[in-house]
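Coordinate analysis (summary)
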Amino acid sequence: MMNQSARELTIYYCGHEQCAPGHFFGPAVRKHYLLHVVLKGNGIYRTSGREYRIAQGEAFLIKPQEITYYQADNTEPWEYAWVAFSGTEADRLVSEYRSDEEGYFFRFEGGNQWREIILALVNGFGGTTHNKDEMRGYLYLLFSRFPGNAPQSAYYEKSYLEQAETYIRHNYSYPIQIADVAGFIGIDRTYLYRIFMRHKGVSPKHYLTEYRVLEAKRLLEETSLSITETALSCGFHDSSVFCRCFQKTEGESPLRYRKGIREINSKM
């Protein structure tokens with residue numbers, strides 16, 4: 001029986017080709033989604049009565065059971081890599097990440113990591129013992145390099161943010177890193193950074209440090225733990241790092257903060 005994750009996102013095949021000038025395919029239909037990523041050169045893609053000119057750093061999507069035609073340029077023929085996939089999670093990715101309303105055209109943003117990702121996916125899939133989870137991971141990363149679309153993008157970003165905040169609240173006392181938070185959610189740390197900056201106005205690292213300091217303030221107020229014990233209880237590996245972070249965030253040292261709280265309490 002096929003497991004749930006396979007039903008949600010299944011990769012069927014991948015490939016890579018440097019096309020000859022004018023090389024074309026179609027008109028034809030495919031059973032699955034088929035995403036072509038243009039590594040260099042350009043060409044045209046026709047589907048549903050539309051024609052797109054696709055160049056390096058862009059991609060075009062063939063949808064299941066739709067008649068399509070694509071052709072390499074005669075002067076600068078494209079080199080592309082492709083991946084065929086399907087599933088309910090595939091439907092979400094296609095809907096959330098796209099550069100046109102119909103979802104046939106995609107453009108990468110944020111550097112050239114997309115090239116490394118698609119080639120890693122193709123090369124890994126072509127190996128003798130490829131890992132299906134790893135291949136799905138590459139496909140997720142590839143789509144994350146496309147700009148997201150609201151409101152669906154906003155919905156998923158809110159979910160990712162809530163998961164990140166929950167993970168931090170339950171694990172701040174351990175020596176966790178932002179890569180651990182992103183790994184728990186299942187997204188790239190660069191994407192997590194963008195989510196925090198967009199919705200919180202601070203980086204996830206800054207948010208984690210502030211939360212640790214917040215919990216440290218509570219311990220300084222409510223317990224008799226030493227500064228070192230407080231630091232270790234809040235995920236700081238030593239008291240000097242803790243004191244610097246506390247001073248930067250609160251404008252005073254942990255000792256002075258505790259003394260001030262006690263003086264206020266003694267007057268009440």
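Residues numbered from 1 in each chain as written. Predicted model: local features only at pLDDT ≥ 70, side-chain atom pairs only at ≥ 80, totals over all residues. Heavy atoms only, no water.

**Side note on the sheet that holds strand β7 (residues 68–72)**
We count it as follows: Following DSSP output, two strands are said to pair if at least two bridges run between them. By the criteria applied, helices consist of DSSP H or I runs no shorter than four residues and strands consist of E runs no shorter than two, each listed in order from the N terminus. Interaxial angles span 0 to 180 degrees and are taken between N-to-C directions of axes, which are lines fitted to C-alpha atoms, for helices over the stretch in contact.
The strand order across the open sheet built from 4 strands is β2-β7-β4-β5, with neighbouring strands paired in antiparallel fashion. In this open sheet, the two edge strands, each paired with only one partner strand, are β2 (24–28) and β5 (50–55). Each strand axis lies, on average, 15° off the axis of its neighbour in the sheet, ignoring direction. The pairing of β2 with β7 spans 3 bridges and is antiparallel. Residue pairing in the sheet places Phe24 in a bridge with Gln71 of β7.

**Observations concerning the sheet that holds strand β9 (residues 105–107)**
We apply this condition: The contact rule is simple, with two residues in contact once any of their heavy atoms fall within 4.5 Å.
Read across the open sheet, the 5 strands follow the order β1-β8-β3-β6-β9; overall the sheet is antiparallel. On the outer flanks of this sheet lie β1 (10–18) and β9, each paired with one strand and no other. Between one strand axis and the next, the sheet turns by 20° as a mean value, whatever way the strands run. By the bridge criterion, 8 bridges tie β1 to strand β8 (residues 79–86) in an arrangement that is antiparallel. Along β8, the bridge assignment pairs His16 with Ala81. Sheet strands in contact with helix α3 (residues 113–125) are β1, β3 (33–40) and β8, and its direction is about 110° off that of β1.

**Notes on the side chain of Asn42**
Topologically, Asn42 is positioned in strand β4 (residues 42–47). Contacts of Asn42, omitting those with residues within four sequence positions, involve Arg53, Ile54, Ala55, Ala72, Asp73, Glu76, Pro77 and Trp78.

**With respect to the environment of Phe242**
Inclusion rule: Any residue under 20% of the maximum accessible area for its type is buried, any over 50% is exposed, and the rest in between are partly exposed; the area is computed with a 1.4 Å probe on protein chains only.
Tracing the backbone shows Phe242 in helix α10 (residues 239–250). Judged by its relative accessible area of 0%, Phe242 is buried. The spacing of Phe242 and Glu229 is 13 residues in sequence and 11 Å in space, taken between C-alpha atoms. Not counting chain neighbours up to four residues away, the residues in contact with Phe242 comprise Ala216, Ile227, Thr230, Ala231, Phe236 and Pro254.

**Regarding helix α7 (residues 189–199)**
What counts, and what does not: As used here, the arc belongs to the directions running from the helix axis to the C-beta atoms. Two N or O atoms form a polar contact when they lie within 3.5 Å of each other; inside protein one atom must be a possible hydrogen donor and the other a possible acceptor, and for residues adjacent in sequence the pair counts only when both atoms belong to side chains.
Every buried residue of α7 is accounted for by Tyr191, Leu192, Ile195 and Phe196. The buried residues of α7 occupy one face: seen down the axis, they fall within an arc of 135°. Between the side-chain oxygen of the N-cap and the backbone nitrogen of Thr190 there are 2.9 Å, and the N-cap of α7 in question is Asp188. Gly201 sits one or two positions beyond α7 and adopts a positive phi of about 80°.

**What to know about the pairing of strand β6 (residues 58–62)**
Most of β6 sits out of view: 5 of its 5 residues are buried. Burial along β6 is two-sided: Glu58, Phe60 and Ile62 and Ala59 and Leu61, pointing in opposite directions, are all buried. With 4 bridges joining them, β3 and β6 adopt antiparallel strand pairing. By the bridge assignment, Leu34 is partnered in β6 with Ile62. Two elements, β6 and β9, share 3 bridges in a ladder whose sense is antiparallel. Directly across from Glu58, in β9, lies its bridge partner Arg107.

**Concerning the packing of helix α8 (residues 204–222) against α10**
Put simply, the test is: Roughly parallel refers to an angle under 35 degrees, roughly antiparallel to one over 145, roughly perpendicular to one between 65 and 115, and oblique to any angle outside these ranges.
In the contact formed by α8 and α10, the axes pass within 10 Å of each other and the chain directions differ by 95°. Of the possible angle classes, the one that applies to α8 and α10 is roughly perpendicular. Only Phe242, Cys245, Phe246, Thr249 and Glu250 of α10 make contact with α8, whose side of the interface consists of Thr209, Val213, Ala216, Lys217 and Leu220.

**Some points on the nonpolar core**
Put simply, the test is: Residues belong to a common nonpolar core when they are buried Ala, Val, Leu, Ile, Met, Phe, Trp, Tyr or Cys residues joined through side-chain atoms within 4.5 Å.
In this structure, Leu35, Phe85 and Phe143 are the most contacted members of the largest nonpolar core, which totals 61 residues. The biggest single contributor to this core is α8, with 7 residues. Apart from residues lying up to four places away in sequence, Phe85 is in contact with Leu9, Thr10, Ile11, Tyr12, His32, Tyr33, Leu35, Leu61, Ala90, Val94, Leu139 and Phe143. With 16 residues, the next largest nonpolar core counts Cys19, Tyr70, Tyr104 and Phe105 among its residues.

**Remarks on the pattern of salt bridges**
Selection rule: Counted as salt bridges are all cases of a side-chain nitrogen of Lys or Arg within 4 Å of a carboxyl oxygen of Asp or Glu.
For the structure shown, the criterion picks out 13 salt bridges. One salt bridge connects Glu215 with Arg218, and the closest N-O pair in it is separated by 3.0 Å. One end of the pair is Glu215 and the other is Arg218, both in helix α8 and 3 residues apart, which spans about a single turn. Residue Glu222 pairs with Arg218 through a salt bridge whose shortest N-O separation is 3.6 Å.

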